[in-house]
Amino acid sequence: MGTVSCVSIVSIIICGLVCAIIHLILFLFYKKSGAHYIPFILGVCVFFVLVLVIESSINSIIFSYTNIGSAISNKIAIYSLFVGGMAGIFEETGRLVAFKTVLKKYQNNDVNALMYGAGHAGCEAILVVSMAMFSNLVIAILINSGNEHVILGQLSGDILEQTRSQFQELINTPWYVFILSMVERIAAITMHLSLSVLVWYAAKKRNRFFLYPVAVIIHMIVDAAATYLSYKDVNIFIIEFLLVVANVILAFFAKGIWNKETLKS
């Protein structure tokens with residue numbers, strides 16, 4: 001079967017740790033800047049409930065039990081737009097509702113928008129990336145110590161073959177893929193902070209409400225593009241480069257809105 005290289009193991013650890021602590025660094029930074037801790041907690045809760053519970057359940061029902069889901073699955077472009085659109089609608093609507101209700105009394109300090117974004121992105125980073133890296137690390141240690149039977153020995157049939165295939169895939173994965181996963185997550189955090197700013201002003205000011213659908217569309221396009229390019233087997237470096245560029249542009253756009261609104265205050 002082979003072993004997982006030491007460089008890959010180090011990369012897994014770095015990726016997992018960075019994705020686990022970056023939101024804590026943001027929390028401390030924004031707290032020092034005057035933000036309240038409630039937006040952070042709400043960002044975590046809204047992401048968990050709306051995305052991991054409700055959105056994922058709806059997607060599961062659509063793709064597992066409906067003809068529409070089967071038809072969409074066979075058309076990569078439509079599938080990418082669908083999953084991107086679902087993410088955009090659920091996450092940005094969650095932001096809007098949170099900002100207009102629970103966080104309405106915190107609108108006197110715009111840094112709370114970033115604090116919410118840090119909570120939302122932090123929850124996603126830990127549950128999507130850090131936990132996956134922790135699992136990879138455990139499996140890598142078992143493989144390299146010759147104890148993979150601890151897991152494989154309890155399995156049989158198709159599940160055994162699938163798990164063995166996953167182990168082999170981990171062994172064959174180049175170390176830089178784990179580092180790129182970290183880069184992708186940092187880009188995603190940047191996106192969530194930027195979109196939080198857009199939706200914050202959409203909720204705070206009536207003449208800025210158009211920023212809400214703008215945020216939904218941007219979110220949909222970025223997620224759909226990443227999904228589509230991945231399915232088309234586009235070089236991973238190209239995908240990550242495009243994601244970074246897109247999120248840098250989005251960050252500058254959000255900063256422009258922020259600066260304009262700050263001058264008005």
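The structure contained in this document is the topic of the report that follows. Owing to the predicted nature of the structure, the values given are computational and were not obtained by experimental measurement.

## Observations concerning the overall build of the chain
- Scanning the chain for helices and strands turns up ten helices and zero strands.
- For 265 residues, the compact-globule formula gives about 18 Å, and the C-alpha radius of gyration of the chain, at 20 Å, lands near that figure.
- In terms of overall dimensions, the chain has a C-alpha envelope of 65 × 45 × 30 Å along the principal axes.
- The proportion of buried residues among the 265 residues of the chain is 43%.
- A separation threshold of at least 6 residues defines the contact pool for the chain, and within that pool the share at least 24 residues apart is 82%.
- Charged side chains in the chain number 17 positive and 14 negative. The centres of these two groups are separated by 19 Å.

## Examining the packing of helix 1 (residues 6-32) against helix 8 (residues 175-204)
- The geometry of helix 1 relative to helix 8 is characterised by a closest axis approach of 7 Å and an angle of 15° between their N-to-C directions. Here helix 1 lies roughly parallel to helix 8, going by the angle between them. For the crossing formed where helix 1 meets helix 8, the hand is right-handed. Listed contacts from helix 8 to Val 7, Ser 8, Ser 11, Ile 12, Ile 14, Cys 15, Val 18, Cys 19, Ile 22, Leu 26 and Tyr 30 of helix 1 are Trp 175, Phe 178, Ile 179, Ser 181, Met 182, Arg 185, Ile 186, Ile 189 and Leu 193.
- When grouped by side-chain class, the residues that make up the contact of helix 1 with helix 8 number 16 nonpolar, three polar and one charged.

## A word on the packing of aromatic side chains
- Using the criterion set out here, one finds eleven aromatic pairs in the structure.
- Considering the side-chain rings of Tyr 201 and Trp 258, the 6.3 Å spacing of their centres and the 75° angle between planes classify their relative orientation as edge-to-face. With a gap of 57 residues between them, Tyr 201 in helix 8 and Trp 258 in helix 10 (residues 236-264) connect regions that are remote in the sequence.
- An aromatic cluster of three or more residues is present, and its members are Phe 63, Tyr 79, Phe 82 and Tyr 231.

## Topic: the pattern of salt bridges
- Scanning the model with the defined rule gives five salt bridges in all.
- One salt bridge connects Asp 110 with Lys 204, and the closest N-O pair in it is separated by 2.7 Å. Residue Asp 110 is found in the loop between helix 4 (76-100) and helix 5 (111-144), and its partner Lys 204 is found in helix 8; the two are separated by 94 residues along the sequence.
- Note that Arg 208 is salt-bridged to Glu 261, the shortest N-O span being 2.6 Å. Of this pair, Arg 208 sits in the loop between helix 8 and helix 9 (211-231) while Glu 261 sits in helix 10, placing them 53 residues apart in sequence.

## Brief notes about the side chain of Thr 173
- Within the fold, Thr 173 resides in the loop between helix 7 (157-172) and helix 8.
- A residue is classified by how much of its surface remains accessible, and Thr 173, at 18% relative accessible area, is buried.
- A distance of 2.6 Å separates a polar side-chain atom of Thr 173 from the backbone oxygen of Glu 169.
- Among all residues touching Thr 173, those that are not within four sequence positions of it are Ser 8 and Phe 178.

## What to know about the layout of surface pockets
- There is about 990 Å³ of room inside the largest pocket.
- Along its surface, the largest pocket is lined by 35 residues, and Glu 124, Val 128, Glu 184, Arg 185 and Asp 223 are the ones closest to its centre.
- Within the residue set of the lining of the largest pocket, elements represented by two or more residues are helix 2 (38-65), helix 4, helix 5, helix 8, helix 9 and helix 10.
- When the residues that make up the lining of the largest pocket are grouped by side-chain class, the tally is 19 nonpolar, nine polar and seven charged.

About the criteria used
- Residues numbered from 1 in each chain as written.
- Predicted model: local features only at pLDDT ≥ 70, side-chain atom pairs only at ≥ 80, totals over all residues.
- Heavy atoms only, no water.
- Helix = DSSP H or I, 4+ residues; strand = E, 2+ residues; numbered from the N terminus.
- Rg over C-alpha atoms; globule rule 2.2 N^0.38 Å.
- Buried < 20%, exposed > 50% of the residue type's maximum accessible area, 1.4 Å probe, protein only.
- Contact = heavy atoms within 4.5 Å.
- Lys, Arg positive; Asp, Glu negative; His and termini not counted.
- Charge placed at Lys NZ, Arg CZ, Asp CG, Glu CD.
- Axes fitted to C-alpha atoms, helices over the stretch in contact; angles between N-to-C directions.
- Parallel < 35°, antiparallel > 145°, perpendicular 65-115°, else oblique.
- Left-handed = near helix turned anticlockwise from the far one by under 90°.
- Nonpolar A, V, L, I, M, F, W, Y, C, P; charged D, E, K, R; others polar.
- Phe/Tyr/Trp six-rings, centres within 6.5 Å; stacked < 30°, edge-to-face > 60°.
- Salt bridge = Lys/Arg side-chain N within 4 Å of Asp/Glu carboxyl O.
- Polar contact = N/O pair within 3.5 Å; in protein donor to acceptor, adjacent residues only side chain to side chain.
- 1 Å grid on protein atoms, 1.4 Å probe; cavity = no way out; pocket = protein on both sides within 12 Å on 5 of 7 lines; lining within 4 Å.
- Points joined across faces, edges and corners; volume = space filled by probe spheres on them.

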